[in-house]
Amino acid sequence: MRPHRTTEFPLRYLGDEKLMQQQPLVTQDEVQSKEFQRNLTMLPKAMKEYGGIGIAAPQVGWWTRVFCFGVDGTNARYPNANELPLTMWINPRITWSSKETNWMWEGCLSVPGM
């Protein structure tokens, strides 16, 4: 069952084909636009409304390469998580990885029940 939310940007779920598509790079002109800035403000609000500690723009139907992550110490889904300042990522790229692994439960908002 999917949670009912009143947000202007409803959460997209696993099975939505666009969630699996690579999103276009964000241009500097786009970043400076009022619409982009409005969506940057919306993203952490949607993350908090849905109970996440991170959310990607496509998860709320904003088809761009942006995500935010942060823990304010009041998240019921992650009661033991250390506080972490909110960060916004535009055009993120993985530039390094480690062979080390760490096991933990996946908490993707777009996968109900996780």
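Above this text you will find the structure in question.
Computed from a predicted model, the values in this text were never measured in an experiment. (Residues numbered from 1 in each chain as written. Predicted model: local features only at pLDDT ≥ 70, side-chain atom pairs only at ≥ 80, totals over all residues. Heavy atoms only, no water.)

**Student:** Sorry if this is basic, but what is going on with the packing of aromatic side chains here?
**Tutor:** Here a ring pair, both rings aromatic, is described through the centre-centre distance and the interplanar angle of the planes. Evaluation of the coordinates by the stated rule reveals two aromatic pairs. On the basis of an interplanar angle of 65 degrees and a centroid distance of 5.1 Å, the ring pair of phenylalanine 36 and tryptophan 62 is categorised as edge-to-face. Here the residue phenylalanine 36 occupies a position in helix α2 (residues 34-49), and tryptophan 62 occupies one in the loop between β1 (54-56) and β2 (66-71), the gap between them amounting to 26 residues. For the pair phenylalanine 36 and tryptophan 62, a shared accessibility class is recorded, and that class is buried. Seen in terms of ring centroids, phenylalanine 67 and tryptophan 89 are 5.5 Å apart; in terms of plane orientation they differ by 5 degrees. Their pairing is stacked. One end of the pair, phenylalanine 67, is in strand β2; the other, tryptophan 89, is in strand β3 (residues 84-90), with 22 residues separating them in the sequence. (Phe/Tyr/Trp six-rings, centres within 6.5 Å; stacked < 30°, edge-to-face > 60°. Helix = DSSP H or I, 4+ residues; strand = E, 2+ residues; numbered from the N terminus. Buried < 20%, exposed > 50% of the residue type's maximum accessible area, 1.4 Å probe, protein only.)

**Student:** Explanation requested: the environment of leucine 25 in the structure shown.
**Tutor:** You can see leucine 25 is positioned in the segment before α1 (28-31). Its relative accessible area of 54% is what places leucine 25 among the exposed residues. As for leucine 25 and threonine 64, which are separated by 39 residues in sequence, their C-alpha atoms are 6.9 Å apart. Residues in contact with leucine 25, not counting those within four places in the same chain, are Glu30, Arg65 and Asn91. (Contact = heavy atoms within 4.5 Å.)

**Student:** Looking at this structure, I do not really get the pattern of salt bridges. What am I missing?
**Tutor:** Side-chain pairs of opposite charge can arise whenever the charged atoms involved come near each other. In total, this model carries two salt bridges according to the counting rule given. Residues lysine 48 and aspartate 72 are paired through a salt bridge, measuring 2.5 Å at the closest nitrogen-oxygen approach. Placement of the pair is lysine 48 in helix α2 and aspartate 72 in the loop between β2 and β3, with a sequence separation of 24 residues. By relative accessible area, lysine 48 is classed as exposed at 52%. Residue class for aspartate 72 comes out partly exposed when judged on its relative accessible area of 41%. (Salt bridge = Lys/Arg side-chain N within 4 Å of Asp/Glu carboxyl O.)

Shape descriptors only; they carry no functional weight alone.
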